[in-house]
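# Breakdown of the fold
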Amino acid sequence: MSFFRSKPGLVAYVTCGDPDLATSRAVILSAIDAGADLIELGVPFSDPVADGPVIQRASERALKNGTSLEDVLSLAEGIRNSRPLTNLIVFSYLNPLIRYGLPKFVTRAKDAGVDGVLAVDLIVEEADEYRALMEKSRLAPVFLAAPTSTDARLKKVAAASRGFIYAVARTGVTGAKTDVRGDAQQLVKRIKKFSKLPVAVGFGISNADDFRQVGKYADAAVIGSAIVKIIEEKSANGASPEVPAAAVGDFIRSVKRAS
Amino acid sequence: MAKSAKQKNIPGRFGAYGGRYVPETLMAALEELEAAYTKAKKDKKFQRELAALLANFAGRPTSLFFAQRLTQKLGGAKIYLKREDLLHTGAHKINNALGQALLARRMGKKRIIAETGAGQHGVATATVCALFGLECVVYMGAEDMRRQELNVFRMRLLGAEVRGVESGSRTLKDAINEAMRDWVTNVRSTYYLLGSALGAHPYPTMVRDFHRVIGREARAQILKAEGKLPNAVIACVGGGSNAIGIFHEFIRDKKVRLIGVEAGGRSLSLGDHAARFSGGSPGVLQGTYSYLLQNESGQVATTHSISAGLDYPSIGPEHAALHDSGRAEYVNASDKETLAALALLSRTEGIIPALESAHAVAEAIKRAPKMKKREIIIINISGRGDKDMGILQENIRA
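Residues numbered from 1 in each chain as written. Chains lettered and ligands numbered in written order. Predicted model: local features only at pLDDT ≥ 70, side-chain atom pairs only at ≥ 80, totals over all residues. Heavy atoms only, no water.

## Side note on the packing of helix α4 (residues 93-106) of chain B against helix α5 (residues 120-132) of chain B
Residues and elements named next belong to chain B. Axis separation between α4 and α5 bottoms out at 9 Å; the angle between their running directions is 40°. Viewed along their axes, α4 and α5 adopt a mutual orientation that is oblique. As for the relative orientation of α4 and α5, their crossing is right-handed in sense. Residues K93, I94, N96, A97, L98, A101, L102 and R105 of α4 form the contact with α5, whose participating residues are Q120, H121, A124, T125, T127, V128, L131 and F132. Considered class by class, the residues forming the contact of α4 with α5 number nine nonpolar, five polar and two charged. (Axes fitted to C-alpha atoms, helices over the stretch in contact; angles between N-to-C directions. Helix = DSSP H or I, 4+ residues; strand = E, 2+ residues; numbered from the N terminus. Parallel < 35°, antiparallel > 145°, perpendicular 65-115°, else oblique. Left-handed = near helix turned anticlockwise from the far one by under 90°. Contact = heavy atoms within 4.5 Å. Nonpolar A, V, L, I, M, F, W, Y, C, P; charged D, E, K, R; others polar.)

Structure, rendered in structure tokens:
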């Protein structure tokens, strides 16, 4: 099973529980109906060191209403039941997973219909137990590859990853502007030397033009902060979940149309 | 996380604790740093250069001072003070800042970033950057900038740029988050001069090594003064750099009790303190696996301490291992006990300790009267209290 049905695939990231779980659900369903191939379900964390201000604010909003990992998995289950074909990845910092208990998390995630997990601050060398558990439950462990990764490291990332490899488009946090013709293209080329897995490029992919460019050399592109920003703007002043959901759907359709 | 026995001998692991939990983007930089440090550690020229700077710039060795009037007043064990407060810039932090700045220079890095809580590490970093002509950016929580205003001015006077951090509880933890975001962005040109025995490998080991000089001196000094080892060594523990620095030389002396003092804050309910061993549990924060104050969902708890330098939800991983093995004990002192201890040391010995170090004094005050007169305590006075005058004016009627 390939994670990406279209070429290039579109991956949509949503911080779950921002500003509430009902909005997340509506937004994700709308993103899927607009053509997203894969949804990254962001687990909010108190100390998101890899994230820029947009996702930091989203995490704060989600935590303010008490969103937990359990809530994210329940959300995943609901989406899986409504849209059986779309791939779902849990995107989290490691600590909430450890606190929940890795064996319990892996079992519960599988039961909820999740396809894979990306732990942002877990490198391959620290992931023995995690990988063994994922393997056993047939969940895909997705690892990050960075422009600064040496070839030796890319080899390890390639060997440990399942489903796809997430190429970080540039050094830095999520959300800042990326020159998609720079580091990212080089990195994808280097990853392809070591792996046959599809490569998704993320960090700073914010519009149709970026998406089209990335699509020329990668299998998929991840849009995160740009979607989270729409949710932030459209759900302000207590708007109903349908408002941000419709806006995100329109945005994804416009990105896909242009590619 | 991975707790298998075979991991015990992996560099960067202390028992089950430590490791490297960072985004992949930082891994090449951590590997480069580890290689450079391993090489420098064995390089006699590096060590000579560092020793000369510690002696001539920082003012080492620091004295081990017999606190006669405090000893009499408490009526028990003899109390000695390891005077790290006498160092240039006012705290032990300069030991590590000099070591890492020398390393950064060898690695050809021209831009230095650092985080700071109380401002002591920030001042030490700004100082060494001025000394070596390096660009310096210090991240500091907005709350800490308010309560350690004098140190903010000192850093700026030394030519550093101080960037206030408004996220989270606006204290040390949030400053580290922001420094990590800077590092992940500018990793190719920037050296992250981390200020405590925290973070991803090799930081906990490297920072400890640069502070081991404290324990080496103290051990030799007490043997010279008393002809025997102390019964207890007491140090405050935020991230734990001064404590691991003085403890390390005594670890193999099994009869020497090693006592770390955490911030007991206002109370021991979550959010009111920074006592990781009273209410914390193992978890991952900012690159390392250690004890962590967190809620049931794995979100990091807010902390409180009257001393900005101890106001942090996690603790250096080597302390976590020393705690679990029982080789060191960890207690806490409340804000109130700390203020009383600071006042007492000031008036009996003419030494105003930093609020951080006053936590260690508070523990000695509890312990010394119960000990025999021939027994000995060493307290690590990790810094001086000049920076705390603002807070002290609000809290003590002098």
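## Describing the pairing of strand β14 (residues 376-381) of chain B
Residues and elements named next belong to chain B. Within β14, six of the six residues are buried, which leaves it mostly tucked inside the rest of the structure. Neither face of β14 is open: one carries I376, I378 and N380, the other I377, I379 and I381, and all of them are buried. Bridge analysis of strand β4 (residues 78-83) against β14 gives six bridges, and the strand direction is parallel. Residue pairing across strands places K82 opposite N380, the latter belonging to β14. Across three bridges, strand β9 (residues 232-236) lies against β14 in parallel orientation. Across the sheet, A232 pairs through a bridge with I377, a residue of β14. (Buried < 20%, exposed > 50% of the residue type's maximum accessible area, 1.4 Å probe, protein only. Pairing = 2+ DSSP bridges.)

## A few points about the interface of chain A and chain B
At the junction of the two partners, chain A supplies 39 residues and chain B supplies 35 residues. Between chain A and chain B, roughly 3200 Å² of surface is buried when both sides are summed, and carbon and sulfur atoms account for 51% of that area. When the buried surface of chain A facing chain B is broken down by residue, V49, R99 and E126 of chain A rank first, second and third, together holding 21% of it. Inspection of the region where chain A meets chain B yields five salt bridges. E126 of chain A serves as the salt-bridge partner of R13 of chain B, at 2.4 Å between the closest nitrogen and oxygen. Here chain A is connected to chain B by 23 residue pairs in polar contact (both at pLDDT 80 or more). Breaking the side of chain A that touches chain B down by element, the ones donating at least two residues are α2 (53-64), α4 (94-100), α6 (128-137), β6 (144-145) and α7 (151-160) of chain A. Considered class by class, the residues forming the side of chain A that touches chain B number 21 nonpolar, eight polar and 10 charged. (Buried area = accessible area lost by both parts, 1.4 Å probe. Salt bridge = Lys/Arg side-chain N within 4 Å of Asp/Glu carboxyl O. Polar contact = N/O pair within 3.5 Å; in protein donor to acceptor, adjacent residues only side chain to side chain.)

## Details of the confidence of the model for chain B
Looking at chain B, pLDDT values average 96 and 97% of them are 70 or higher. Scoring of the predicted complex yields 0.96 for pTM and 0.96 for ipTM. (pLDDT = per-residue confidence, 0-100.)

## Digging into the packing of aromatic side chains
This structure, assessed with the given rule, holds 17 aromatic pairs over all chains. For the ring pair Y13 of chain A and F91 of chain A, a centre distance of 5.4 Å and an interplane angle of 75° mean the geometry is edge-to-face. With Y13 of chain A in strand β1 (residues 9-15) and F91 of chain A in strand β3 (residues 87-92), this pair connects stretches of sequence that are 78 residues apart. On the accessibility criterion, Y13 of chain A (6% relative accessible area) is buried. For F91 of chain A, a relative accessible area of 8% puts it in the buried group. Centroid distance F45 of chain A to Y93 of chain A: 5.4 Å. Interplanar angle 25°. Geometry classified as stacked. In this pair, F45 of chain A is assigned in the loop between β2 (38-42) and α2 and Y93 of chain A in the loop between β3 and α4, connecting sequence segments 48 residues apart. The burial state of F45 of chain A is the same as that of Y93 of chain A; both residues are buried. An aromatic cluster is defined as three or more aromatic residues linked by ring pairs; in this entry it consists of Y17, F277, Y289, Y291 and Y330 of chain B. Its guanidinium or amino end placed over the ring of F132 of chain B, R105 of chain B lies 4.5 Å from that ring's centre, counting from NZ or CZ. (Phe/Tyr/Trp six-rings, centres within 6.5 Å; stacked < 30°, edge-to-face > 60°. Lys NZ or Arg CZ within 6 Å of the ring centre and 35° of its normal.)

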